[in-house]
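Secondary and tertiary structure notes
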Amino acid sequence: MPYQPHPERLKKTWEFQRAYKKGKKNWNTHFVIYVYHTEFSQPRLGITVSKKVGESVQRNRVKRLIREAYRLLKPEVLPHFDIVVVGRKAALPLSGQQAEESLYQLFCRASIMVTRKTDL
């Protein structure tokens with residue numbers, strides 16, 4: 001059976017590697033994003049958080065922050081992109097709203113957001 005990608009998530013190592021090698025990179029204090037243009041009809045998200053960030057509790061918190069911020073931003077994200085978000089140690093003390101603002105700025109810089117009527 002041929003590989004069927006998950007409709008909303010990146011799971012395979014080669015999908016992450018493709019975004020790292022061929023995608024455009026943007027970063028700020030809290031996150032690094034890699035954006036790769038695809039033919040899929042909706043954006044797909046991949047999340048990585050290194051062990052340098054902390055123990056599993058801290059890493060999982062950063063992943064939850066990223067997932068929630070992306071969930072709120074997803075209606076504004078353009079289709080046809082694979083997005084890999086790498087959490088940094090500086091993201092640990094962020095609130096949910098701060099994480100959303102930080103990702104929003106990166107997504108705008110990467111030009112993957114539709115114009116938004118109200119800025120955060």
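In this text, all values refer to a predicted model and were calculated from it rather than measured experimentally.

**Looking at the pairing of strand 2 (residues 31-37)**
Strand 2 sits mainly inside the fold: 6 of its 7 residues count as buried. Linking strand 1 (residues 24-27) back to strand 2 in an antiparallel pair, the connection comprises 3 residues. Bridging between strand 2 and strand 4 (residues 81-87) involves 7 bridges; their strand directions are antiparallel. For Val 32, the partnering residue across the bridge sits in strand 4 and is Val 86.

**Structural notes on the side chain of Asn 26**
Residue placement: Asn 26 occurs in strand 1. Given the relative accessible area of 13%, Asn 26 is considered buried. Discounting chain neighbours no more than four positions away, the residues touching Asn 26 are Phe 31, Val 32, Ile 33, Leu 106, Arg 109 and Ala 110.

**Observations regarding the packing of helix 2 (residues 56-73) against helix 3 (residues 96-109)**
How two helices pack is summed up by the angle between their axes together with the distance between the axes. Packing of helix 2 against helix 3 brings their axes to within 9 Å, and their N-to-C directions diverge by 65 degrees. The two elements helix 2 and helix 3 cross, and the hand of that crossing is right-handed. Along its contact with helix 2, which presents Leu 65, Ile 66, Ala 69, Tyr 70, Leu 72 and Leu 73, the element helix 3 presents Gly 96, Ala 99, Glu 100, Leu 103, Tyr 104 and Phe 107. Of the residues that constitute the contact of helix 2 with helix 3, the class distribution is 10 nonpolar, 1 polar and 1 charged.

**Considering the pattern of salt bridges**
If you walk through the whole model with that rule in mind, you get 5 salt bridges. Salt bridges here are not isolated pairs; linked through shared partners, they connect Glu 15, Arg 18, Arg 44 and Asp 82.

**Things to note about the pairing of strand 3 (residues 44-49)**
For a regular strand, the rule is simple: side chains alternate between the two faces of the sheet. In terms of burial, strand 3 is a largely internal element, 5 of the 6 residues being buried. Both strand 3 and strand 4 contribute to a ladder of 6 bridges, which runs parallel. Each residue of the ladder has a partner; that of Arg 44, found in strand 4, is Asp 82. Running through helix 2, the crossover from strand 3 to the neighbouring parallel element strand 4 is left-handed.

Thresholds applied
- Residues numbered from 1 in each chain as written.
- Predicted model: local features only at pLDDT ≥ 70, side-chain atom pairs only at ≥ 80, totals over all residues.
- Heavy atoms only, no water.
- Buried < 20%, exposed > 50% of the residue type's maximum accessible area, 1.4 Å probe, protein only.
- Helix = DSSP H or I, 4+ residues; strand = E, 2+ residues; numbered from the N terminus.
- Pairing = 2+ DSSP bridges.
- Contact = heavy atoms within 4.5 Å.
- Axes fitted to C-alpha atoms, helices over the stretch in contact; angles between N-to-C directions.
- Left-handed = near helix turned anticlockwise from the far one by under 90°.
- Nonpolar A, V, L, I, M, F, W, Y, C, P; charged D, E, K, R; others polar.
- Salt bridge = Lys/Arg side-chain N within 4 Å of Asp/Glu carboxyl O.
- Right-handed = clockwise from strand over helix to strand, strands pointing away.

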